[in-house]
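Coordinate inspection notes
Given next are the chains, with one letter for each unit.
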There are 2 protein chains.
Amino acid sequence: MIDQEQYQVDPWSLPERELRLDLLAQSESVFALSNGNLGLRGNLDEGEPSALPGTYLAGFHEQRPLPYAEAGYGYPEAGQIVINVTDGKLLRLLVDDELLDVRYGQLHSHERVLDLRRGVLERRVHWESPMGRRVRVSSTRLVSFTQRAIAAIRYEVEVEHAARIVVESDLIANGNTDDGGSADPRAAAAMGAPLVARASFAEGTRGMLAHATRESGLLMTATMDHVIEGPPNLTTRAEALDDFARLTLAADLKPGQKLRVVKLLGYSWSSRRGLDSVRAQAYAALAEATHTGWDGLLAAQRSYLDDFWDRADVEIDGDPHLQQAVRFALFGVLQSAARAEGRAVAAKGLTGTGYDGHAFWDTESFVLPVLSYTAPTAARDVLRWRHSTLPAARGRAEQLGLQGAAFPWRTIAGEECSAYWPAGTAAVHINADIADAAIRYARATGDEQFERSEGLELLIETARLFAALGHYDADGGFHIDGVTGPDEYSALVDDNVFTNLMAQQNLRAAADASEHASQESQRLGVGAEEVGAWRRAADGMVVPYDEGLGVHPQDADFTHHAKWDFAATGDRYPLLLHFHYFDLYSKQVIKQADLVLALHLRGDAFTPAEKARDFAYYEAITVRDSSLSACTQAVIAAETGHLQLAYDYFIAASQMDLEDLEHNTRDGLHIASLAGTWIVAVAGFGGMRDHGGTLSFSPRLPRQLTRLAFGISYRGSRLRAEMTQRTARYTLRRGPALELIHHGRPFSLTTSDPASFPIPEITAGEPPTQPPGRAPEGRESGRRAAAEQETPG
Amino acid sequence: MIDQEQYQVDPWSLPERELRLDLLAQSESVFALSNGNLGLRGNLDEGEPSALPGTYLAGFHEQRPLPYAEAGYGYPEAGQIVINVTDGKLLRLLVDDELLDVRYGQLHSHERVLDLRRGVLERRVHWESPMGRRVRVSSTRLVSFTQRAIAAIRYEVEVEHAARIVVESDLIANGNTDDGGSADPRAAAAMGAPLVARASFAEGTRGMLAHATRESGLLMTATMDHVIEGPPNLTTRAEALDDFARLTLAADLKPGQKLRVVKLLGYSWSSRRGLDSVRAQAYAALAEATHTGWDGLLAAQRSYLDDFWDRADVEIDGDPHLQQAVRFALFGVLQSAARAEGRAVAAKGLTGTGYDGHAFWDTESFVLPVLSYTAPTAARDVLRWRHSTLPAARGRAEQLGLQGAAFPWRTIAGEECSAYWPAGTAAVHINADIADAAIRYARATGDEQFERSEGLELLIETARLFAALGHYDADGGFHIDGVTGPDEYSALVDDNVFTNLMAQQNLRAAADASEHASQESQRLGVGAEEVGAWRRAADGMVVPYDEGLGVHPQDADFTHHAKWDFAATGDRYPLLLHFHYFDLYSKQVIKQADLVLALHLRGDAFTPAEKARDFAYYEAITVRDSSLSACTQAVIAAETGHLQLAYDYFIAASQMDLEDLEHNTRDGLHIASLAGTWIVAVAGFGGMRDHGGTLSFSPRLPRQLTRLAFGISYRGSRLRAEMTQRTARYTLRRGPALELIHHGRPFSLTTSDPASFPIPEITAGEPPTQPPGRAPEGRESGRRAAAEQETPG
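Please read all numbers here as calculations on a predicted model, not as lab measurements. (Residues numbered from 1 in each chain as written. Chains lettered and ligands numbered in written order. Predicted model: local features only at pLDDT ≥ 70, side-chain atom pairs only at ≥ 80, totals over all residues. Heavy atoms only, no water.)

**Focus: the overall build of chain A**
Which entries qualify depends on this criterion: Secondary structure elements follow DSSP: runs of H or I of four or more residues count as helices, runs of E of two or more count as strands, with numbering from the N terminus. Relative accessible area decides the class of each residue, using a 1.4 Å probe on protein chains only: under 20% of the type maximum gives buried, over 50% gives exposed, and in between gives partly exposed. We call two residues contacting when some pair of their heavy atoms lies within 4.5 Å.
Counting its secondary structure elements, chain A contains 19 helices and 31 strands. If you line up chain A on its principal axes, its C-alpha atoms span 85 × 60 × 55 Å. Considering chain A as a whole, with its 793 residues, one finds that 65% of them fall into the buried category. Sequence separation of at least 24 residues holds for 68% of the intrachain contacts in chain A that already meet a minimum separation of 6.

**Focus on the interface of chain A and chain B**
Quick note on the threshold: Here's the idea: put two parts together, see how much 1.4 Å probe accessible area each one loses, and the total over both is what we call buried area. Salt bridges are counted wherever a side-chain nitrogen of Lys or Arg sits within 4 Å of a carboxyl oxygen of Asp or Glu. Pairs of N or O atoms are called polar contacts if they sit within 3.5 Å, as long as, within protein, a hydrogen donor faces a hydrogen acceptor (for residues adjacent in sequence, only side-chain-to-side-chain pairs). Gly is placed with the polar residues, together with every amino acid not listed as nonpolar (Ala, Val, Leu, Ile, Met, Phe, Trp, Tyr, Cys and Pro) or charged (Asp, Glu, Lys and Arg).
Taken together, the contact between chain A and chain B spans 45 residues of the former and 45 residues of the latter. Surface buried jointly by chain A and chain B totals about 3600 Å² across both partners, of which 63% is contributed by carbon and sulfur atoms. Broken down residue by residue, the surface that chain A buries against chain B is led by A:Tyr73, A:His580 and A:Phe582, which jointly contribute 22%. At the boundary of chain A and chain B, one finds two salt bridges. Note that A:Glu70 is salt-bridged to B:Arg410, the shortest N-O span being 3.6 Å. Linking chain A with chain B are nine residue pairs in polar contact (both at pLDDT 80 or more). Top contributing element to the side of chain A that touches chain B by residue count: helix 13 (residues 581–585) of chain A, with four residues. For the side of chain A that touches chain B, the residue count by class is 27 nonpolar, 10 polar and eight charged.

**Things to note about the side chain of A:Glu662**
Residues and elements named next belong to chain A. Among the secondary structure elements, Glu-662 is positioned in the loop between helix 17 (643–654) and helix 18 (671–685). The class for Glu-662 is buried, based on a relative accessible area of 14%. Only 3.2 Å separates the side chain of Glu-662 from the backbone nitrogen of Ser-627, close enough to count as a polar contact.

**With respect to the sheet that holds strand 12 (residues 150–159) of chain A**
As a general point, the strands of a sheet are linked pairwise by backbone hydrogen bonds and lie either parallel or antiparallel. Residue and element names in this part refer to chain A. Threshold: If DSSP finds at least two bridges between two strands, the strands pair. Axis definition: a line fit to C-alpha positions, over the contact stretch in the case of helices; interaxial angles, taken between N-to-C directions, run 0 to 180 degrees.
Strand order in the open sheet made by the nine strands is 1-9-10-11-12-19-16-15-14, with antiparallel pairing throughout. Since the sheet does not close on itself, it has two edges, and those belong to strand 1 (13–16) and strand 14 (195–203), each with one partner. For this sheet, the mean angle separating the axes of adjacent strands, direction not counted, is 15°. As defined by bridge partners, strand 16 (residues 219–229) adjoins strand 19 (residues 259–270) across 11 bridges and the pair is classed as antiparallel. Residue pairing for strand 19: Asp-225 is matched across the bridge by Leu-264. Here helix 2 (residues 275–312) sits on the sheet in contact with strand 10 (120–128), strand 11 (134–143), strand 12, strand 14, strand 15 (206–213), strand 16 and strand 19, set at roughly 140° to strand 19.

**Considering the pattern of salt bridges**
Following the criterion strictly, the structure yields 127 salt bridges over all chains and no others. A salt bridge links A:Arg339 to A:Glu341; the shortest N-O distance between them is 2.3 Å. Judged by relative accessible area, which is 17%, A:Arg339 ranks as buried. Residue classification places A:Glu341 among the partly exposed positions, given a relative accessible area of 32%. The salt bridge involving B:Arg103 is made with B:Asp101; its shortest N-O contact spans 2.9 Å. In this structure, a network of salt bridges that share partners links the residues A:Arg154, A:Glu156, A:Glu229, A:Lys258 and A:Arg260.

**A look at the relation of the copies chain A and chain B**
For clarity, the threshold we go by: The least-squares superposition of copies is restricted to C-alpha atoms, and to residues with a pLDDT of at least 70 in both copies.
The two copies are related by a screw motion: chain A maps onto chain B through a turn of 180° and a shift of 0.0 Å along the axis, at an RMSD of 0.0 Å. Such a turn and shift between the copies fits a two-fold axis.

**Some points on the packing of helix 4 (residues 362–374) of chain B against helix 7 (residues 429–445) of chain B**
Residue and element names in this part refer to chain B. Let me state the cut-off plainly: These descriptions rest on fixed angle ranges, namely under 35 degrees for roughly parallel, over 145 for roughly antiparallel, 65 to 115 for roughly perpendicular, and the rest for oblique.
Following both chains from N to C, one finds helix 4 and helix 7 inclined at 5°, their axes separated by 10 Å at the closest point. When the interaxial angle is binned, helix 4 and helix 7 end up roughly parallel. Contacts from Glu-364, Ser-365, Leu-368, Pro-369, Ser-372 and Tyr-373 in helix 4 reach Asp-433, Ile-434, Ala-437, Arg-440, Tyr-441, Ala-444 and Thr-445 in helix 7. Class assignment for the residues of the contact of helix 4 with helix 7 results in seven nonpolar, three polar and three charged.

**Focus: the packing of aromatic side chains**
Residue and element names in this part refer to chain A. Short version of the rule: Only centres within 6.5 Å qualify two rings of Phe, Tyr or Trp (six-membered ring in Trp) as a pair; their planes then separate them into stacked at under 30 degrees, edge-to-face at over 60, and tilted for everything else. Only Lys NZ and Arg CZ are tested; either one counts as a charge over a ring when it is within 6 Å of the ring centre and within 35 degrees of the ring normal.
In this structure the tally under the stated criterion is 57 aromatic pairs over all chains. Through successive ring pairs, a cluster of aromatic residues spans Tyr-355, Phe-360, Trp-361, Phe-366, Trp-409 and Phe-498. Residue placement shows Arg-774 over the ring face of Tyr-573; its charged tip is 3.8 Å from the ring centre.

**Describing the confidence of the model for chain A**
All names here are of chain A. What counts is decided by this rule: On a scale of 0 to 100, pLDDT captures the predictor's confidence in every residue.
Mean pLDDT over chain A: 94, with 96% of residues reaching 70 or higher. Every residue in residues 177–190 scores below 50 in pLDDT, and together they form 30 contacts with partners more than four places removed in sequence or on other chains. Taken together, the stretch residues 781–793 has pLDDT below 50 and engages in 16 contacts with residues farther than four places along the chain or on a different chain.

**Brief notes about the sheet that holds strand 30 (residues 745–749) of chain B**
All names here are of chain B. Pairing in this open sheet of three strands is mixed, and the strands run 25-29-30 from one edge to the other. Looking at strand neighbours, the two that pair on one side only are strand 25 (695–697) and strand 30, the edges of this open sheet. Recorded for the sheet is a direction-independent mean angle of 35° between the axes of neighbouring strands. Of the strand pairs in this sheet, strand 29 (residues 738–742) and strand 30 are connected by five bridges, and their pairing is antiparallel.

**Concerning helix 17 of chain A**
All names here are of chain A. Operational definition: Here a helix's expected span is defined as the number of its residues, less one, multiplied by 1.5 Å.
Taking 1.5 Å per residue as the helical rise, helix 17 with its 12 residues ought to reach 16 Å, and the 16 Å between its terminal C-alpha atoms agrees with that figure. The element helix 17 is extensively covered by neighbouring structure, given that 12 of its 12 residues are classed as buried. Along helix 17, the residues classified as buried are Leu-643, Gln-644, Leu-645, Ala-646, Tyr-647, Asp-648, Tyr-649, Phe-650, Ile-651, Ala-652, Ala-653 and Ser-654.

**Examining the side chain of A:Asn431**
All names here are of chain A. Note on placement: Asn-431 falls in helix 7 (residues 429–445). The class of Asn-431 is buried, set by a relative accessible area of 1%. Beyond its immediate chain neighbours, meaning those up to four positions away, Asn-431 contacts Ala-405, Ala-406, Phe-407, Thr-462, Leu-465, Phe-466 and Asn-506.

**Focus: helix 10 (residues 497–516) of chain A**
Between its first and last C-alpha atoms helix 10 of chain A spans 28 Å; for 20 residues at 1.5 Å apiece the expected length is 28 Å, and the two agree. Here helix 10 of chain A lies mainly inside the structure; 16 of its 20 residues are buried.

**Describing the environment of B:Pro746**
All names here are of chain B. Here Pro-746 is to be found in strand 30. Taking the C-alpha atoms as reference, Pro-746 lies 9.9 Å from Phe-697; in sequence the two are 49 residues apart. Leave out the neighbours within four places in its chain, and Pro-746 touches Leu-740 and Ile-741.

**Notes on the environment of B:Ala58**
Tracing the backbone through its elements, the reader meets B:Ala58 in the loop between strand 4 (55–57) and strand 5 (61–65). For B:Ala58, a relative accessible area of 1% translates into the label buried.

**Topic: the environment of A:Glu160**
Residue and element names in this part refer to chain A. Examined against the element boundaries, Glu-160 turns out to sit in the loop between strand 12 and strand 13 (163–172). The sequence separation of Glu-160 and Asp-648 amounts to 488 residues, and the corresponding C-alpha distance is 49 Å. In this structure the side chain of Glu-160 is engaged in a polar contact, spanning 2.7 Å, whose partner is the side chain of His-126.

**Observations concerning unusual backbone geometry**
Cis geometry marks the peptide bond from A:Tyr573 to A:Pro574; its omega dihedral reads -10°. Along the chain, A:Pro574 turns up in the loop between strand 23 (562–563) and helix 13. With omega at -5°, the peptide bond leading from B:Glu48 into B:Pro49 counts as cis. Within the element layout of this structure, B:Pro49 appears in the loop between strand 3 (38–40) and strand 4. Despite not being glycine, A:Asp356 has its phi angle at roughly 60°, a positive value. Structurally, A:Asp356 is set in the loop between helix 3 (320–337) and helix 4 (362–374).

**Section: the pairing of strand 29 (residues 738–742) of chain A**
Side-chain positions along a regular strand alternate between the two faces of the sheet. Residue and element names in this part refer to chain A. Only one face of strand 29 is covered, namely the face carrying Leu-738, Leu-740 and His-742; the face carrying Glu-739 and Ile-741 is uncovered. Examined bridge by bridge, strand 25 (residues 695–697) and strand 29 share three bridges and lie parallel to one another. Looking across to strand 29, one finds that Phe-697 is bridged to His-742. Two successive antiparallel strands, strand 29 and strand 30 (residues 745–749), enclose a turn made up of two residues, where His-743 displays a positive phi of approximately 40°.

See the structure below:
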């Protein structure tokens, strides 16, 4: 855990006023820069000390064999794993022969600021060497949103007394990537030197290293160039070895003089093209960046972000921490995906090696709902990436004896990499989640071209999977057996409600889309008979209900199981590190929202009374051992009127990484939890839903917030919603008129005519309770929140 | 598959008239000799050619790490694996410098006979060297039942023309153990040179090698001595290196002369004692064997087996193949366990490295029912071995958050070695199976001392496990959720009927035994309250029933699942090698008897009508991909009156290894299937049941058999049951009077008064059908059997 004082509160930036080495790993994740294609962890310029040095290229991975003591048919033999590629961030400073290292000498001040509007990480260091030489170093780092292959660093040095200064600017491959061999299964597998040298070069101010991965055979090139301003006596030398290219600058610096180095980095990689081509691409990107220049890159970055914030900014009045956190979150989501363009968006984005750099359902179920309404082009590209993996998914379906496509539970390049199938291959809901994202994107954008091509094929192939997977009972009920839902403390269950409802939507959407684009669907082999089969399966889809308890069981048998013994659990969380799955699976204990996520994503399938009862039931047994839970609990807490609870979950979701609530921010940011922060604001307190064809809002603010406003991109329009405790106001800032719904009341919105509506009161029942110690702590301390919950609300 | 002609039909031996190199691996398993402590695979004397050279010591194992690509809490980190220890079987012959190798020169004849009464493997070779030298070699090999550390080989050479003869008699450690790296998960893990040399010695006619395992740190010693008779010019030389001790004999042999070498082997091992002690023990055993001499060892072997056959022989008239097979089976079971004395009895006995040499529930559920009635001392020793592993089982229960003992699914020394928990740790029925074996042994022997000590503790600790594992519903029903029953094509199910019924028996027996031995149970912490809790759980135990189908579902949800698509399956058996568990687990398809095994072992819990319906239902979906199935299906087929089907399953069970029906006899014999052969004879056609306190028989023969007779050891008495098509006759050959039941009719039996009863007719319904191609083929061809089944019986 990181206490709240680590970062200063600021609406548009994340300022760190002190370097804490015990939090170095977390800060490397929090200060990571990325554009979805290239990612740099927030490592210090000088490379050391570091916790996990990291430079990542989306999709660039190594293969490793997946070992099984007891193997089985269809177990994936090879895993894919993100690797730390050639490090170009390195700028080492020597002052009179002494290496700037914050662990030695005296660190008079050390400030870092992540600027969310400028899209840069700034660092200011005032350091005194062990020999007493004082130096001021400032660096500004960016990963360009406008030039996807480019990162740049401006590095400036000033001295208080004349000193000999040397700056070493490196490209280093196969640097130390040891992550300490964590036993936590959520961390990544360690991997030694994964890169094989293919070419290197250094001359003038430029350098280049080309490498290939040993097993997966991918080629990459890192290039660097430098623009140097300094005292007249400055000399440089360039050199390169296999894993190493360096530009060394030496100068005598006097007080008042400044040495300024702008380091430009260009990366490229390919799985198909040859060395010449990959290398040429990196050089070309570098040439373009050099041409643009530092100031040009900075300006373009600002302009890109200005446009993003204009579309998507979320304003929160009444809680400055939340204001900061929600913008940090949106920025993080954007960074994870903006320029991924045909590559996977991983659970940790490009901020660390957690989960081996794999993409899961997080992308479609948490990240894409944000992107579809804030950066639709990025959303489309993610879906295109999924679409590009269809051959592997079809192969997997065939291997499993199914039809259509079975998308992998975890992957980088499209092949299933999950080595524990009960919580991997069995989690077939990912296919319906992909369909859900495709449906949402198409509805949110009206992107007819996508709908008739990639979107259509994704819907058809996933519908085929569910049609083949389920079976009918004698009464015509359609069942999907032996699957694992989102909650990973259950597995291999029958009729998981979330899976069934999402599959139902999938089947219907595939039928609708196939009829809508009948020529295209015929080309994909879909006829009336198949469409009819999908509709029949959807109509017959079984949604279990426990009459005795008056709630939906998470699956057919869930509510018949023993309840978890919370009293005996103590503080042994997360449970998965202290209890065997054998124990967890057979008990009523929930790792993360599952049925409650169905209440959100398939809210159209439940009555308000059912939602209230279901939510209360599952709150009491949800331990929130996953980062994919607080936001969903917040959304349903808000919908059912438990606004204090929703607020507390909002804080929990928004602080996941800023306070390192799950103790694994070191491995990278929880991108889905960042997305979840936006989801709480927009779907929770804004009450936005996109069931069916019409966007609806049912806003309602917790007492702590005086105002909430957010922007939505919708079918080419820019909509802004703004709400206070009593009133909601909708403004169409650009684009054609929209039909919307406010608390059940349809209305039209045009650019000329904003609409305002009162927010109706809600009478919520008694606030639900959580397992002991598992209530969200909230800003006003867990105890006080708990006490409040005991008072009927 | 091996055709029936490979072995000649003989009632008391298994003669092989021809050496087939393509069946070498299988013959090594079939001709393996063992006494439960020491096992020698049936490798050729000269060592090569060989498929899997093997010498095994019960319990002697190496550790290896168990790898997981995705690990979890409570996953075992180390596996135990049987290793091929120092090979003492080797006797290499050189004839005029040419090595006797059946692959070269000319093999005029090669005969091997496993003699089931003498307990020896005999081999006669008539070979002509590439240079035209003819030689006759005969060897007789035994592993002594009376001296458990001892094996002996008599090796005789005669020549047709004068020749120079050399015999090399070796001890070799770390010989080739490569098993070809089979991808079949049922095969063993390969392991390189597992033994580290500790001492070696050779002098005169003796040799010794002492080794330790690298990781598990176990110490072993192999010793040899020789008694040589030969021509006067014979010379010998002894030598030893680290992994190698050799006695070389050289002689000029003339026609009419004979070179005879008796090689005596003594083995010892320990996990605790030091080198001197282990070595001394092996020498002492060798000294005793030398003192006994070859003829003495042979005579003692015969005498031991005469006594065994007198107690236990099964006679079958009407099918000479079955007669041979059932005696081979009984001999194999005896070999697996006779002198294990505190070590595990592995699924493959000591005949190969299949399943890594692990012991499973097979031992208690298949082997011990045989031993309890034929070699009760051996049965007791196996249960004592289980009892000795209680500390590990208690630790495992604690790790799983349970009470009592959780015995491992697979192990050598007591620790859980299963790396796939859904079909390992979740198969908690093994605990009830152990209890069942303890109950049966105690009832069969009246061994009060065992009942009050090891037996009591086994019952108590397993009952504690189930009491902690289950939970009550609102109606007082006791459920056991999330477990895996015997059928490995289902996993993690609720209320598996087999598990629940076996647990019910376990709980009741623990309660009864605790009250019976109240002082002893109090010392184990059992009070009236705990006994009451066990009885309450047993009384409330839920046994699901499908009212719609009128059958017991295998588990709460089983009959709601889709049926397996047999039409689309083709010949892709065993299914586990062609279909993903994700597919198998959610369908109605059965690998091996599960509910049907409950019909046998808890037959008291079902009505005859239920048995008939249940059996028919499960027959239609049981594919028999496990060797642990045919025998149980035979037993229930017989009980429900389907005698032709029972007979066909009898053949399938009895020929499992003789015909290599599962294509893995190379890895070792299926000891449980051998045991199952006896079970079919005695429990199937003899109809013997041991529910409650009274032994009952309901004999009924298939039309092919004119007579069946078998011996039963029961509470110190020797009972013989003999039945024809119409009549059963019971004879008490020794011991106090017995109360027995024949077809529901109680009667008393004394040594003076045999009893005869008519066998009532039974009218069975239509014979059940099996999945296409999965009916037992029977002796009279699969097609004919199938045709018969189509005619209502």
